[in-house]
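Understanding the architecture of this molecule
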Amino acid sequence: MPERSESESRKLLRRLRDTLAEPGAGQARLDRITHIIADSMCTEVCSIYLFRDPETLELCATEGLNPDSVHQTRLRLGEGLVGRVAKSAVPVNTGNAPSERGFRYMPETGEEIYSSFLGVPIQRVGERLGVLVVQSKQARQFSDDELYALEVVAMVLAEMTELGAFVGDGEGIQPLHQNPVVFRGATGQEGTAEGRVWLHEPRVVVTNPVGDDPVAETRRLHEAMEELRQTVDAMMSAAEDTTAEHMQVLETYRMFANSRGWRRRMEEDIALGLSAEAAVEKEQSTARARLEQASDPYLRDRLHDLDDLSNRLLRLLTGQGRDTGAELPENPVLVARNIGPAELLEYGRKLKGVVLEEGSVGSHAAIVARALAIPLVIHAERITTEALNGDTILVDGDQGVVHLRPEDTVAAAFRDKIAMQTDAQKRYADLRDKPATSHCGTTVGLHMNAGLMADLPSLAGSGAEGVGLFRTELQFLIRNKVPRRGELAALYARVMDAAGGKRVVFRTLDIGSDKVLPYMKPQDEPNPAMGWRAIRVGLDKPGVMRMQLQALIRAANGRPLSVMFPFVAQMEEYRAGRAAVLDEIERERRLGHVLPETVEIGAMLETPSLAFAPRAFFEMCDFVSIGGNDLKQFFFAADRENERVRRRYDTLNVSFLSLIETIVERCAETGTPVSFCGEDAGRPVEALAFAAMGVRALSMRPASIGPVKHLIRRVSISEARQVIDVARAEGAQSVRPALMDWLARQDL
Ligand code: PEP
Ligand code: MG
């Protein structure tokens with residue numbers, strides 16, 4: 001076989017493009033393409049295999065193999081050499097195919113007589129479409145030039161928008177991007193939603209993959225790269241006082257933007273006949289496929305950097321912005337790889353749901369989604385490549401499952417579930433003004449958790465007695481510099497106004513470690529959840545904490561003020577925090593400002609150690625609030641953000657309930673009010689168990705108040721306590737089975 005020259009490649013691409021432009025049925029065109037490629041590459045065989053579903057490839061056109069096997073021969077992902085290429089997205093090039101690992105003999109195609117095999121993935125960025133194969137009888141390895149040329153051809157094929165339709169022939173086969181797909185991710189925020197996909201970052205569409213004038217295309221590439229470099233430089237000088245981590249990302253950007261290797265590969269693609277944008281996309285796909293194999297998280301992060309840069313370059317070359325002119329559909333469900341808190345807030349309550357490929361339970365986006373009460377599923381791998389704008393999508397935040405383009409039966413079942421929840425919410429609305437009083441006469445105070453101004457309207461509708469936890473970090477996270485005291489005071493005042501005289505417990509800033517402020521120097525800590533966070537930061541670097549306390553005092557302006565400190569691990573930390581509040585009040589008094597009517601200062605009990613603090617600690621606290629999310633993770637030594645372990649230990653484990661009981665008893669000794677404000681407070685059975693252990697105030701997301709009240713009003717808390725005590729005495733590990741059984745016996 002002759003060595004290929006650049007002009008031959010360009011000739012081939014032009015022939016392909018002309019064929020693609022011809023009118024005619026899709027299959028005939030695909031057949032013609034395989035003929036042209038085999039002819040141009042001087043091989044006996046050229047075949048195109050396309051994904052018919054994410055696990056199966058189908059032979060869709062061939063020159064040289066038995067034509068009867070078209071749309072008959074199928075391979076599983078990873079099966080045979082074709083399946084191997086599809087799975088790894090890395091080419092296979094061999095002169096002796098039958099001796100290769102995984103070779104599968106397919107008698108129906110008559111392929112055993114072909115010794116050489118060259119297969120390359122057909123892919124758009126991150127989207128695997130199929131495999132392009134050439135084979136020949138002569139036993140020899142294909143040259144690098146030939147491999148390269150075939151990759152370029154595959155790139156052009158990938159841009160054929162109707163490619164997916166070729167798998168549409170035959171019974172029950174669904175073309176790509178029309179088939180239902182289920183994504184199993186993780187819960188970021190509970191709740192369910194049905195809506196239409198809205199891609200946060202729509203894909204750049206390359207309309208012309210073939211470049212006729214390589215000189216002009218190379219010039220376009222150089223100009224775009226120059227512009228990119230300037231953008232990155234501008235980003236770097238604008239980010240002078242940013243975090244080290246952000247700077248590191250920008251440094252990597254600059255490195256890529258200046259990378260000769262990257263540029264050279266794209267120039268070579270253009271020389272072989274691709275347009276500048278197709279060259280960018282081809283290198284992006286190739287790099288992605290290689291790095292996806294990498295287990296090193298650092299390398300994978302670099303993949304994202306390269307992706308971001310390639311996308312910028314594509315936008316420069318095609319002139320396509322993020323705004324494609326598409327309109328937000330009705331009931332939009334945002335689909336993205338990841339999203340920042342500020343961007344998510346901008347969409348706000350318009351969104352019915354959010355689905356992310358990345359994210360974590362504690363990420364800022366998750367915090368915002370929770371504050372907005374929008375169902376959120378995280379870790380929905382590959383959804384951004386599968387979903388198209390406007391696709392029907394069902395988000396099950398309770399299970400962490402997403403159904404894209406669902407079958408009718410699935411959609412119907414899902415709608416039933418939503419309707420049941422809506423009915424239940426209506427029933428709960430009737431309970432709004434009734435107390436959570438159980439059959440035994442015990443009343444539990446139900447409060448809500450909030451973190452944004454936007455949460456406050458739920459206060460009236462939810463039947464909450466007040467805000468038991470106002471997380472103040474959101475205002476800090478969504479800005480790019482420390483908010484000013486005046487701004488914060490105005491915001492806190494508005495929160496108190498909106499609460500209309502109901503109690504709002506403000507928690508001072510819980511940042512540091514994983515919740516890194518964009519403008520704060522990050523600490524490189526091996527175990528940040530147990531690192532320099534919350535009150536530890538507040539006491540070591542008191543500037544921001546003092547400013548926040550001043551803002552709170554000013555916001556109260558003659559009204560009662562409640563403040564609590566997060567993550568107190570020993571008495572002295574609380575004492576110092578409390579002294580800071582009293583100091584600031586004294587300072588305000590000296591300045592002649594109006595002081596709060598009353599001041600309550602509390603501690604969050606989030607570390608087991610604090611349950612065993614000296615009596616003096618409980619005497620000093622005006623109230624204690626159990627931060628169950630953190631308390632539980634440290635009690636069981638199970639990271640709350642680690643999907644592998646976070647559900648491993650039941651909240652109703654007798655050890656945990658005994659800890660809660662101890663805390664309640666310690667507080668009772670000194671008459672210190674105690675509440676529970678972690679996520680578990682919003683789960684009815686858990687809430688009931690806490691009440692049974694003596695907790696008389698719970699704070700939860702607004703939507704949970706109805707279900708919790710509903711259950712408490714229909715049972716006896718003292719009976720629940722008896723059930724728990726019997727289970728404990730019998731040596732149960734968790735009291736859940738006993739409680740569930742007892743509830744079932746009452747038809748609950
Ligand atoms: C908790 O830890 O239970 C809590 C309420 O605080 P956060 O979830 O904000 O850490
Ligand atoms: Mg906490």
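Residues numbered from 1 in each chain as written. Chains lettered and ligands numbered in written order. Predicted model: local features only at pLDDT ≥ 70, side-chain atom pairs only at ≥ 80, totals over all residues. Heavy atoms only, no water.

Here's the deal with the nonpolar core
As a reminder, the rule being used: In this text, buried Ala, Val, Leu, Ile, Met, Phe, Trp, Tyr and Cys residues form a nonpolar core when linked through side-chain atoms within 4.5 Å. Only protein chains enter the accessibility calculation, which uses a 1.4 Å probe; a residue is then buried when its area is under 20% of its type maximum, exposed when over 50%, and partly exposed in between. What makes two residues a contact is simply this: any of their non-hydrogen atoms within 4.5 Å.
Counting residues in hydrophobic clusters, the biggest one holds 121 residues, and the most contacted among them are Tyr 492, Phe 506, Phe 617, Ile 660, Ile 663, Leu 698 and Leu 739. With sequence-adjacent residues up to four places away left out, Tyr 492 is seen in contact with Thr 472, Phe 476, Phe 506, Gln 548, Ala 551, Leu 552 and Ala 555. Core analysis: the next-biggest nonpolar cluster, separate from the first, contains 59 residues, Ile 37, Leu 129, Val 152 and Leu 274 among them.

A closer look at helix 2 (residues 26–41)
Put simply, the rule reads: For helices the rule is a DSSP run of H or I covering at least 4 residues; for strands it is a run of E covering at least 2, with both sets numbered from the N terminus onward. Here a helix's expected span is defined as the number of its residues, less one, multiplied by 1.5 Å.
Compared with the 22 Å implied by 1.5 Å per residue over 16 residues, the 23 Å span of helix 2 between its first and last C-alpha is a close match. Note on helix 2: the residue one or two positions beyond its end, Cys 42, has a positive phi of about 55°.

Regarding the domain arrangement of the chain
Our working rule: These domain boundaries are the output of an automatic or database domain assignment.
When the domains of the chain are assigned, the result is domain 1 (6–163), domain 2 (181–202 + 324–421), domain 3 (214–318) and domain 4 (430–745). Between domain 3 and domain 4, the C-alpha centre-to-centre distance is 45 Å.

Examining the coordination of the magnesium ion (ligand 2)
Filter applied, for reference: Donors, by definition, are the N, O and S atoms found within 2.8 Å of a metal, the threshold being 3.2 Å for Na, K and Ca, and water is not counted, so a site can look incomplete.
Looking at the magnesium ion (ligand 2), the protein donor atoms are Glu 606 (OE) and Asp 630 (OD), and they sit 2.0 to 2.1 Å from it. Linking Glu 606 in the loop between strand 20 (599–605) and helix 20 (608–611) with Asp 630 in helix 22 (residues 628–635), this pair joins segments that are 24 residues apart in sequence. Residue classification places Glu 606 among the buried residues on the basis of a relative accessible area of 3%. Since its relative accessible area comes to 2%, Asp 630 is described here as buried.

Structural notes on the sheet that holds strand 5 (residues 116–124)
Note the cut-off: For two strands to be treated as a pair, DSSP must find at least two bridges joining them. Every axis corresponds to a line fitted to the C-alpha atoms, with the helix fit spanning only the stretch in contact, and the corresponding angles, defined between N-to-C directions, vary from 0 to 180 degrees.
Taking strand neighbours across the sheet as the criterion, the six strands line up as 3-2-1-6-5-4 in an open arrangement whose pairing is antiparallel. Among the strands making up the open sheet, the edge pair consists of strand 3 (74–76) and strand 4 (92–94). Neighbour-to-neighbour, the strand axes of this sheet turn through a mean angle of 25°, independent of strand direction. This element, helix 4 (residues 144–158), spans strand 1 (45–53), strand 5 and strand 6 (127–136) of the sheet and lies at about 35° to strand 5.

Structural notes on the packing of helix 2 against helix 4
Our working definition: When describing relative orientation, an angle under 35 degrees is termed roughly parallel and one over 145 degrees roughly antiparallel, while 65 to 115 degrees is termed roughly perpendicular and anything else oblique. Left-handed describes a crossing whose near helix is turned anticlockwise from the far helix by less than a right angle; the clockwise case is right-handed. Ten residue types, Ala, Val, Leu, Ile, Met, Phe, Trp, Tyr, Cys and Pro, are classed as nonpolar, four, Asp, Glu, Lys and Arg, as charged, and the remainder, Gly among them, as polar.
The interhelical angle for the contact between helix 2 and helix 4, taken along N-to-C directions, is 165°, at an axis separation of 12 Å. With respect to their mutual orientation, helix 2 and helix 4 come out roughly antiparallel. Considering how the two elements wind past one another, helix 2 and helix 4 form a crossing that is right-handed. Counted together, Ile 33, Ile 37 and Met 41 of helix 2 and Glu 146, Leu 150, Val 153 and Leu 157 of helix 4 form the full contact between these two elements. Along the lines of polarity and charge, the residues of the contact of helix 2 with helix 4 split into six nonpolar, no polar and one charged.

Some remarks on the site of ligand 1
Definition in use: Only heavy atoms are used to decide nearness, and a residue is near a molecule or strand if one of them lies within 4 Å of it. Polar contacts, as counted here, are pairs of nitrogen or oxygen atoms within 3.5 Å of one another; within protein the pair requires one atom able to donate a hydrogen and one able to accept it, and residues that are adjacent in sequence qualify only if both atoms are side-chain atoms. Where accessible areas are quoted, they stem from the Shrake-Rupley method and a 1.4 Å probe; at the residue level, only the protein chains shown are allowed to cover.
Near ligand 1, the surroundings consist of 14 residues, among which Arg 471, Glu 606, Gly 627, Asn 629 and Arg 640 are the closest. In the environment of ligand 1, an oxygen atom lies 2.9 Å from a nitrogen or oxygen atom belonging to the side chain of Arg 507. For ligand 1, an oxygen atom lies 3.0 Å from a polar atom in the backbone of Asp 630. Here ligand 1 loses 98% of its free accessible area of 290 Å² to cover by the protein chains. The set of elements that each furnish at least two residues to the shell around ligand 1 consists of strand 17 (467–471) and helix 22. In terms of residues, the shell around ligand 1 owes the most to one element, helix 22, which gives three residues. Grouping the amino acids of the shell around ligand 1 by side-chain chemistry returns three nonpolar, four polar and seven charged.

Things to note about the sheet that holds strand 10 (residues 332–336)
Spatially, 7-14-13-9-10-11-12-8 is the arrangement adopted by the eight strands of the open sheet, whose pairing is mixed. Pairing within the sheet leaves two strands with one partner each, and these edge strands are strand 7 (181–184) and strand 8 (186–189). Direction aside, the axes of adjacent strands within the sheet are offset by 30° on average. With five bridges connecting them, strand 9 (residues 192–199) and strand 13 (residues 392–396) associate as antiparallel partners. Residue pairing across strands places Ala 193 opposite Val 395, the latter belonging to strand 13. The strands touched by helix 11 (residues 364–372) within the sheet are strand 8, strand 11 (353–356) and strand 12 (376–378), with strand 8 carrying the most contacts at an inclination of about 60°.

Details of the pairing of strand 10
Heads up, the rule is: Whether a crossover is right-handed comes down to one check: with the strands pointing away from the viewer, does the path from the first strand over the helix to the second run clockwise; if it does, it is right-handed.
Along strand 10, five of the five residues are buried, which leaves the element largely enclosed by surrounding structure. Neither face of strand 10 is open: one carries Pro 332, Leu 334 and Ala 336, the other Val 333 and Val 335, and all of them are buried. Relative to strand 10, strand 9 is paired through four bridges, and the arrangement is parallel. The residue bridging Val 197 from the neighbouring strand is Val 333, located in strand 10. Pairing of strand 10 with strand 11, which is carried by four bridges, proceeds in the parallel orientation. Across the sheet, the residue bridging to Val 335 is Val 355, located in strand 11. Handedness of the strand 10-helix 10 (residues 341–347)-strand 11 crossover: right-handed.

A short note on the packing of helix 13 (residues 408–430) against helix 25 (residues 702–712)
Packing of helix 13 against helix 25 brings their axes to within 9 Å, and their N-to-C directions diverge by 75°. When the axis of helix 13 is compared with that of helix 25, the two are roughly perpendicular. Touching Gln 425, Arg 427 and Tyr 428 of helix 13 are Ala 703, Gly 706, Pro 707 and His 710, all from helix 25.

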